[in-house]
Amino acid sequence: MDIKEKIKENDDFSFYDEIILGDEIIIENKIIHPVYIASIIFYNEYVPSATIDPLAFLFKEKLKKKNDTEYEYYLIFFDDDYEKYTKEIIKKYNEKLEY
């Protein structure tokens with residue numbers, strides 16, 4: 001049993017994680033979004049701990065073709081363990097930036 005499960009069993013702690021996209025950075029034909037995860041621990045209404053950790057860079061790069069509306073998308077993770085967040089990052093990007 002990990003520490004999160006022990007805390008949940010013994011107290012009124014709750015956990016909240018959220019994927020956050022940072023402001024875009026534009027370099028030549030690339031648009032880069034830093035990707036973070038915000039983790040918050042609640043005890044009743046009190047917040048004893050909150051962290052923001054960097055996960056990846058999300059790249060949106062214009063393809064050099066006749067049509068300027070075609071892009072290539074890719075993620076570069078800071079740690080291989082963060083690849084488990086790929087689907088959540090793509091979902092968040094589509095929700096927030098690609099209406």
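Here, the structure is the one placed above.
Residues numbered from 1 in each chain as written. Predicted model: local features only at pLDDT ≥ 70, side-chain atom pairs only at ≥ 80, totals over all residues. Heavy atoms only, no water.

Caption draft 1: Looking closely at the packing of aromatic side chains. Scanning all chains against the criterion turns up four aromatic pairs. On the basis of an interplanar angle of 70° and a centroid distance of 6.4 Å, the ring pair of Phe 57 and Phe 59 is categorised as edge-to-face. Stacked on the ring of Tyr 71, the Lys or Arg Lys 60 has its end atom at 4.4 Å from the ring centre. (Phe/Tyr/Trp six-rings, centres within 6.5 Å; stacked < 30°, edge-to-face > 60°. Lys NZ or Arg CZ within 6 Å of the ring centre and 35° of its normal.)

Caption draft 2: Representation of the nonpolar core within the structure. Formed by Ile 19, Leu 21, Val 35, Ile 37, Leu 55, Ala 56, Leu 58, Phe 77, Tyr 85, Ile 89 and Tyr 93, the largest nonpolar core amounts to eleven residues. Counting residues per element, the ones that place at least two in this core are β1 (13-21), β3 (30-43), β4 (46-62) and α2 (86-97). A per-element tally of this core places β4 first, with three residues. (Core = buried A, V, L, I, M, F, W, Y, C linked by side-chain atoms within 4.5 Å. Buried < 20%, exposed > 50% of the residue type's maximum accessible area, 1.4 Å probe, protein only. Helix = DSSP H or I, 4+ residues; strand = E, 2+ residues; numbered from the N terminus.)

Caption draft 3: Spotlight on a negative patch on the surface. Negative charge collects at one region of the surface, where Asp 79, Asp 80, Asp 81 and Glu 83 lie side by side. Position of Asp 80 relative to the elements: it lies in the loop between β5 (71-77) and α2. (Patch = residues over 30% accessible without salt bridge, like charges linked within 9 Å, V, L, I, M, F, W, Y side chains within 5 Å. Areas by Shrake-Rupley, 256 points an atom, 1.4 Å probe, with all protein chains shown as cover. Salt bridge = Lys/Arg side-chain N within 4 Å of Asp/Glu carboxyl O. Lys, Arg positive; Asp, Glu negative; His and termini not counted. Charge placed at Lys NZ, Arg CZ, Asp CG, Glu CD.)

Caption draft 4: Main features of the pattern of salt bridges. According to the stated counting rule, one finds two salt bridges in the structure shown. The partner of Lys 92 in a salt bridge is Glu 18, and the shortest N-O contact between them spans 2.3 Å. Of this pair, Lys 92 sits in helix α2 while Glu 18 sits in strand β1, and the two are 74 residues apart along the sequence. Given a relative accessible area of 11%, Lys 92 falls into the buried group. Here Glu 18 falls in the partly exposed class, since its relative accessible area comes to 23%. Of the charged contacts in the structure, one is a salt bridge between Glu 61 and Lys 30, with a shortest N-O distance of 3.5 Å. Of this pair, Glu 61 sits in strand β4 while Lys 30 sits in strand β3, and the two are 31 residues apart along the sequence. Relative accessible area serves as the criterion here: at 24%, Lys 30 is assigned to the partly exposed category.

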